Amino acid sequence: PGAPTAITHAMSNRWVHALRSRCQAILVGAGTVAADDPLLNLRYWPGRDPQVVIADRHLLLDSAAHRVFQRQPLRLFAAGNLKRPLKEVEIPVENWEDTDQWLQALARRDILSLLVEGGGDTLERFLLQELWDEIWIFTDQNQYWGQGLAAPRLATSPTRSWQLGSNQITYWFQ
C-alpha cells in the first residue's frame, strides 16, 4: 500500500472526523484501500468509529496487507465472483453496476447512513446515479503533488463555500 497523503490541515481533519461520526458506515473502493491504506476511524473527534464498507468487486484485496482489515470491514462484491462459501462480512450484489443495489444490501444489514469517501470511481458511481444527499469537497490551493485525482465536478452550483485555514470547503445539499 501507498502512504496516505494529507490534503487537509488539522482543523479540516477534525471537521471530516465529525462528519464521519454522524454516519453508521464509511464506504471506500478497493483501489483506495490498496493505494492509501486508510484507517477510516475517528482519531480527531469523539464518538464510535463507523463500520467500514469496502466495494471490492472481485474480493481481490489481501486482508493481511491493509490496516483497515483490523476493523473487520464489510465487503460488497459482485455476486457470481465467489467460488467458496460466503463469509459473514461479505455482501453479494446481484447487479454490480446498479449502485442502488449496494445501498439496498447495506440497508438489509441495518446500515442507513453512509459516508462515501472515495475513490474516484466509487464517488462517480454515486454522483452519476444521483445517490447523494450532501457533498463535501476539501481542497488546498497551497498543496501540489503533480498529477492526482481531480475532485468531482458537479453540474449544480454549491450550496455554500468557505475557507478554513488554507482549505477551501465546498458543500452541496439536495
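Heads up: the structure comes first, above all this text.
For the structure given in this document, a descriptive report is provided here.

### Let's talk about the packing of helix α3 (residues 99–107) against helix α4 (residues 120–128)
Where α3 meets α4, the closest approach of the two axes is 9 Å, and the angle between their N-to-C directions is 95 degrees. As summarised for this structure, α3 and α4 are arranged roughly perpendicular, according to the angle between their axes. Along the contact surface, α3 presents T99, W102 and L103, while α4 presents T122, R125 and F126. Its residues assigned to classes, the contact of α3 with α4 comprises three nonpolar, two polar and one charged.

### Let's talk about the sheet that holds strand β6 (residues 134–140)
Here three strands make up an open sheet; going across it, the order is β6-β8-β7 and the pairing antiparallel. Two strands in the sheet have a free side with no partner beyond their single neighbour: β6 and β7 (160–164). Looking at each pair of strands side by side, their axes are set apart by 20 degrees on average, direction ignored. Relative to strand β8 (residues 167–173), β7 is paired through five bridges, and the arrangement is antiparallel. Residue pairing across strands places R160 opposite Y171, the latter belonging to β8. Its contacts with the sheet place helix α1 (residues 10–21) against β6, β7 and β8, and it is angled at close to 165 degrees to β6.

What counts, and at which threshold
- Residues numbered from 1 in each chain as written.
- Predicted model: local features only at pLDDT ≥ 70, side-chain atom pairs only at ≥ 80, totals over all residues.
- Heavy atoms only, no water.
- Axes fitted to C-alpha atoms, helices over the stretch in contact; angles between N-to-C directions.
- Helix = DSSP H or I, 4+ residues; strand = E, 2+ residues; numbered from the N terminus.
- Parallel < 35°, antiparallel > 145°, perpendicular 65-115°, else oblique.
- Contact = heavy atoms within 4.5 Å.
- Nonpolar A, V, L, I, M, F, W, Y, C, P; charged D, E, K, R; others polar.
- Pairing = 2+ DSSP bridges.

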